[in-house]
Amino acid sequence: MQHQSSEPTVTQQAAETLDGWYTFHDFRRIDWTRLKQVEATVRTKMVHEFQAFLSELTQVEEQKEGSHALYTIIGQKADLVLMVLRPTMEDIQAVEVKMQKLDLYDYLIPTYSYVSVVELGTYRGSGEGNPYENPYVRDRLYPILPKSKHICFYPMSKSRRDGDNWYTLSMEKRKELMYRHGMIGRSYAGKIQQIIGGSTGFDDWEWGVTLFANDILQFKKIVYEMRFDEVSAKYGEFGEFFIGNRLESDELEAHFAL
Ligand code: VOV
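The sections below set out a description of the structure shown in this document.

What counts as what
- Sequence positions are assigned chain by chain, starting from 1 and proceeding in written order.
- Given that this is a predicted model, residues contribute local features only at a pLDDT of at least 70 and side-chain atom pairs are listed and counted only at 80 or more, while totals for whole chains, interfaces and linings are drawn from all residues.
- For the side-chain quantities, the full set of heavy atoms in the structure was used; hydrogens and water were omitted.
- Numbering goes from the N terminus for both helices and strands, where a helix is a DSSP run of H or I of at least four residues and a strand is a run of E of at least two.
- Residue contacts are defined here by distance: any two heavy atoms, one from each residue, within 4.5 Å place the two residues in contact.
- Each residue is tested against the molecule or strand, and it is near if at least one of its non-hydrogen atoms lies within 4 Å.
- As used in this structure description, the phrase polar contact means that two N or O atoms lie within 3.5 Å; if the pair is within protein, one of them must be able to donate a hydrogen and the other to accept it, and residues adjacent in sequence are counted only when both atoms belong to side chains.
- Between 30 and 60 degrees the pair is tilted, below 30 it is stacked and above 60 it is edge-to-face, where a pair is any two Phe, Tyr or Trp rings, Trp via its six-membered ring, whose centres lie within 6.5 Å.
- A ring is considered to have a charge above it if a Lys NZ or an Arg CZ atom is located within 6 Å of its centre and within 35 degrees of its normal.

### Here we look at the environment of valine 84
Alright, step 1. Note on placement: valine 84 falls in strand S3 (residues 80-86).
Alright, step 2. Considered as a pair, valine 84 and serine 159 are 75 residues apart in the sequence and their alpha carbons are 28 Å apart.
Alright, step 3. Once residues within four sequence positions are removed from consideration, valine 84 is found in contact with Tyr22, Thr23, Phe24, Ser67, His68, Ile92 and Val95.

Structure representation (structure tokens):
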């Protein structure tokens, strides 16, 4: 029997992407039960070693050769997330290996991770000349993460369901839809900063969405408002959501104190 499909069979043009720093989100649960058995002085030493590691990451950030952010995670999915941006996947892995060797990480159990690359779409064009030399584009592709009070992370894909297949829409239609997405996004200027990581072929979803805000309620507002926009309403598929509060290096001793 011949397969009946409402989808057009023409191959559509892929949107070109501009790709920046590689991105790694590392989610961990604190194994409090085991940590409670560690003597206070040893625990403090482990925290100091972690702080020294974070200082090294800060030095890289000051040289504008990467960026990072440490947040607590609210709820049971994780307790902490360290988000790291680096120029190459080798650099990302070097940070990952170094981190795993820290004594404190014997007590930080991996619960989730996400690998992507900071991505800018070109549905609106990419301006004149080489976009990788445009200072505005460079600031977006190689971002120094904001020091916002809150983070929200979730992975998402665009639907390939029969009838609602993003990948069979014409370039024209996708441009129009992404324009409207961008307009909603822009109404959150000054309230939310977004980092979109492209992850097709890198991780289980197609994008990792990281949002930063000082007012945590803005995450709920933007995600809800976007649910009514066609791009999300019809084509958005979402993974787990993680939200958290900023954790400064000098707060770590208090955070791990018992
Ligand atoms: C601060 C908010 C904000 C702003 C300003 C914003 C703007 C824009 C622009 C201008 C463009 C690029 C379009 C182009 O010209 O290429 C994008 C692109 C993208 N976005 Fe976005 N987005 C925001 C915010 C924002 C949110 C909250 C989400 C999650 C959606 C939801 O429902 O939970 C999201 C997702 C994405 C994705 C997955 C992509 C890539 C899609 C693709 O198919 O390539 N985004 N986004």
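### Side note on the site of the ligand
Alright, step 1. Around the ligand, the surrounding shell holds 23 residues, and the nearest of these are Tyr123, Tyr154, Lys158, His181 and Ser232.
Alright, step 2. Histidine 181 has a polar side-chain atom sitting 2.9 Å from a nitrogen atom of the ligand.
Alright, step 3. Within the side chain of serine 232, one N or O atom sits 2.5 Å away from an oxygen atom of the ligand.
Alright, step 4. Put simply, the parts of the chain that give the shell around the ligand at least two residues each are strand S5 (150-158), helix H5 (171-186), strand S8 (192-198), strand S9 (207-213) and helix H6 (217-227).
Alright, step 5. Broken down by element, the shell around the ligand gets its largest block of residues, five residues, from H5.

### Description of the packing of aromatic side chains
Alright, step 1. Under the defined criterion, the tally for this structure stands at 17 aromatic pairs.
Alright, step 2. Over the face of the ring belonging to tryptophan 166 we find lysine 158, whose NZ or CZ atom lies 3.8 Å from the ring centre.

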